[in-house]
Amino acid sequence: PKENRRARVIGATHGLTNLAVIVLFGLGAFLRATRPADPPALAFGLSIVALFLSILGGWLGGELVFRLRIGVEESPEKSATPT
């Protein structure tokens, strides 16, 4: 189904985005550790990019849970039709 494909694409993008965030923050931390008194501007730039990617990853995760209902189990009380 079309919704299933959309969820897979969003899920893969969510995962890759979060992986990129970890790598970028790690690189920034490494650059800062090599020159703690005077960190390079690249370390700051990597942190800014990672920050925006983490916002994107969070939004994609929200799309999966709240819009596509991936990983959400409805309780029997809520899924039952009221009488």
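Here, every reference points to the structure presented above.
The text that follows walks through the structure, step by step, so that each part is easy to find. (Residues numbered from 1 in each chain as written. Predicted model: local features only at pLDDT ≥ 70, side-chain atom pairs only at ≥ 80, totals over all residues. Heavy atoms only, no water.)

## Thoughts on the overall build of the protein chain
Of regular secondary structure, the protein chain possesses 3 helices and 0 strands. Mapped from its N terminus to its C terminus, the protein chain presents α and β elements in the order α-α-α. Against the 2.2 N^0.38 benchmark of 12 Å for 83 residues, the protein chain shows a C-alpha radius of gyration of 19 Å, more extended than a compact globule. Each of the three principal axes of the protein chain carries a C-alpha extent, and together these read 70 × 25 × 15 Å. The burial tally for the protein chain puts 20% of its 83 residues in the buried class. A separation threshold of at least 6 residues defines the contact pool for the protein chain, and within that pool the share at least 24 residues apart is 67%. Of the roughly 6,300 Å² that the protein chain leaves accessible, carbon and sulfur atoms contribute 69%. (Helix = DSSP H or I, 4+ residues; strand = E, 2+ residues; numbered from the N terminus. Rg over C-alpha atoms; globule rule 2.2 N^0.38 Å. Buried < 20%, exposed > 50% of the residue type's maximum accessible area, 1.4 Å probe, protein only. Contact = heavy atoms within 4.5 Å. Areas by Shrake-Rupley, 256 points an atom, 1.4 Å probe, with all protein chains shown as cover.)

## A few points about the nonpolar core
By size, the foremost hydrophobic cluster in this structure holds 5 residues: Ala7, Ile10, Leu60, Leu64 and Leu68. Taken together, the elements giving at least two residues each to this core come down to α1 (2-34) and α2 (41-67). Excluding its chain neighbours within four sequence positions, the residues that come into contact with Leu60 are Ile10, Thr13, His14 and Thr17. (Core = buried A, V, L, I, M, F, W, Y, C linked by side-chain atoms within 4.5 Å.)

## Some thoughts on the pattern of salt bridges
Counted according to the given criterion, the structure contains 4 salt bridges. Glu63 is paired through a salt bridge with Arg6; the nearest N and O atoms lie 3.7 Å apart. Of this pair, Glu63 sits in helix α2 while Arg6 sits in helix α1; the two residues are 57 residues apart in sequence, bridging distant segments of the chain. The class of Arg6 is partly exposed, set by a relative accessible area of 35%. (Salt bridge = Lys/Arg side-chain N within 4 Å of Asp/Glu carboxyl O.)

## Some remarks on unusual backbone geometry
Backbone geometry places Arg69, a non-glycine residue, at a positive phi of 60°. Within the fold, Arg69 resides in the loop between α2 and α3 (76-79).

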